[in-house]
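So the chains spell out like this:
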Amino acid sequence: MVKTIFVNSTFATTGGVKTILDDFIDTVKTINITDTEFIFFVPESYQQSVITQDNIKIVKIDAKSWHKRLLWDFIGLKLWSIKNKIRATTIFSLQNTSVNYYKNSKQIVYIQQPIPFEENINWSFFKREERKLWFYKRFYLNFIKMFLSKDNTIIVQTDWMKRAAAKKLKKINYENIHIIKPAVKELNTELNREYIFDNNYYNIFYPAMAYVYKNHMVLVQALKIIREKYKKYYEKLRIYFTLGNSSDYEKKILDKVREWNLEDKIIFMGKVPYDMVLNGYSSCNLVVFPSYIETFGLPLVEAAQYGNPIIASDREFSREVIGNYKGVNFVDYDSPAQWAEAIVESRIKHKKYDSYFVKYETNWKDLIQLLL
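Draft legend 1. Looking closely at the nonpolar core. Counting residues in each nonpolar core, the largest one holds 85 residues, and the members touching the most others are W123 and L169. Once residues lying within four places of it in the same chain are set aside, the contact partners of W123 are I115, E130, L133, W134, K137, V212, Y213, Y292 and I293. In this structure, I20, L21, I33 and I56 belong to the second largest nonpolar core, which totals 24 residues.

This is the structure:
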C-alpha cells in the first residue's frame with residue numbers, strides 16, 4: 001500500500017521558513033522511498049529546484065495573507081484532498097500549526113516560531129514595529145493549539161524549545177516532543193569567494209532580517225559608545241546590516257543612525273541572496289548576533305565554519321547551538337556597553353579561529369522515519 005504524506009508549508013516565502021522547506025525537499029530527493037508519495041503544498045511564489053522523482057509533487061497554493069492561510073488550514077487542505085481523491089496517511093506541517101483533517105491521519109507539527117514560548121519578553125501593541133510581535137505573543141499559541149490532539153507529534157530544534165513546548169502545550173505527551181536539529185550544511189570555506197567589504201576597515205557583519213527581536217539597535221548604540229570612549233578603534237570600524245529602508249523597524253534604525261551621524265559606519269546592504277551572505281562570512285573580520293529570540297540561530301553555526309570571531313547574545317539558544325566554539329563571546333543582549341567592549345576587544349585581538357562544524361545526532365532523515 002502506497003503511503004501519502006502531505007507537507008504543509010504554504011507560508012514559506014522568505015527567511016528561515018523557506019530554508020527549512022528547501023532543505024527538507026532536498027533530503028526527500030536523496031532518499032529512495034518507493035512506497036511513499038510526498039505532496040508539498042507551497043506558496044504560489046515558490047521557486048523549487050528540479051524534481052525528477054515521481055513520488056514528489058509540488059502544489060502551489062495562494063495562502064499569502066493570514067486569512068487565506070487560516071482558511072486553508074481550517075478547510076482548504078481537506079477540500080483539496082476530497083476534490084483530488086487523495087487522502088493523506090500523514091500530514092507534516094512545516095509552519096507551526098496543525099490542520100483540520102481526518103482524525104485517523106497522523107499529524108506531525110514542526111515548530112520554528114519561538115515567540116509564543118518566550119515568557120520573559122513582551123512587546124507593545126501601541127508601537128507599530130512591535131504590533132505583529134505582540135500578536136504572536138498574545139494569540140499565536142491559540143492557533144498552534146487549535147487542531148492539536150494528544151496523539152500528535154511535535155518537532156522542535158533545541159532543548160530549550162522542547163522544555164518550553166512541553167510547558168505551553170500541555171495536552172501533548174512529553175515523549176511525543178522530539179528534538180531534531182535543522183539541516184546544517186557543511187560549507188566549502190576554502191572556495192575563493194568574492195570579497196565584498198573594504199579591507200581598510202575592521203568589518204563587522206550581521207546577517208539578519210528586519211525584526212525587532214533581531215536587536216540591531218543595540219549595535220547602533222554600541223557604536224556610539226565606541227566613538228565616545230574608544231575613538232582610535234572607532235575610526236576603522238564598519239558594521240554591515242542586511243537591512244533596507246521599507247519597514248517601520250528599518251526606518252527606525254536608519255533614523256537613529258542618521259541622528260547620531262553614523263551613516264559612514266553602519267552600512268545598509270538591503271536584502272541579500274544567500275550566496276552574498278556567504279561572501280560576507282568570507283570577507284568580514286567579525287560576526288555579531290545580538291538577536292535574543294531564536295529557535296536555533298543558523299548564522300551562528302555558519303559563521304563558525306569560517307572561523308570568524310562571533311559575539312552573540314547570552315541566551316539559551318546561542319549557548320546550546322555554539323557554546324563549544326572557541327571563537328564565541330557571549331554578552332548581555334540588552335547592554336550596549338557590553339557590546340561596545342566586546343567589539344573593541346575583538347578588534348584588538350584581530351583573530352581568526354579554526355573552522356568549527358558540528359554534526360548533530362539527529363537530522364532530517366530521522367524526521368522522515370517519524371513520518372513513515
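Draft legend 2. Inspection of the sheet that holds strand β7 (residues 177–179) at higher detail. Here we have 7 strands laid out as an open sheet, ordered β3-β2-β1-β4-β5-β6-β7, and parallel in their pairing. Each of the sheet's edge strands pairs with one partner strand only, and the pair in question is β3 (56–61) and β7. For this sheet, the mean inter-axis angle between neighbouring strands, taken without regard to orientation, is 20°. Of the pairings in the sheet, the one linking strand β2 (residues 36–43) to β3 comprises 6 bridges and is parallel in character. Along β3, the bridge assignment pairs I39 with K57. Across the sheet, helix α4 (residues 159–168) is in contact with β6 (153–156) and β7; its angle to β7 comes to roughly 170°. Where helix α12 (residues 364–371) meets the sheet, its contacts fall on β1 (3–8), β2, β4 (90–93), β5 (106–110), β6 and β7, and the angle it forms with β5 comes to roughly 155°.

Draft legend 3. Layout of the pairing of strand β11 (residues 286–289). Residues L286 and V288 of β11 are buried on one face, and the alternating residues V287 and F289, pointing to the opposite face, are buried as well. Bridging between strand β8 (residues 202–206) and β11 involves 2 bridges; their strand directions are parallel. For I204, the partnering residue across the bridge sits in β11 and is L286. Pairing geometry for β11 and strand β12 (residues 310–313), over 3 bridges, is parallel.

Rules of the game
- Residues numbered from 1 in each chain as written.
- Predicted model: local features only at pLDDT ≥ 70, side-chain atom pairs only at ≥ 80, totals over all residues.
- Heavy atoms only, no water.
- Core = buried A, V, L, I, M, F, W, Y, C linked by side-chain atoms within 4.5 Å.
- Buried < 20%, exposed > 50% of the residue type's maximum accessible area, 1.4 Å probe, protein only.
- Contact = heavy atoms within 4.5 Å.
- Pairing = 2+ DSSP bridges.
- Helix = DSSP H or I, 4+ residues; strand = E, 2+ residues; numbered from the N terminus.
- Axes fitted to C-alpha atoms, helices over the stretch in contact; angles between N-to-C directions.

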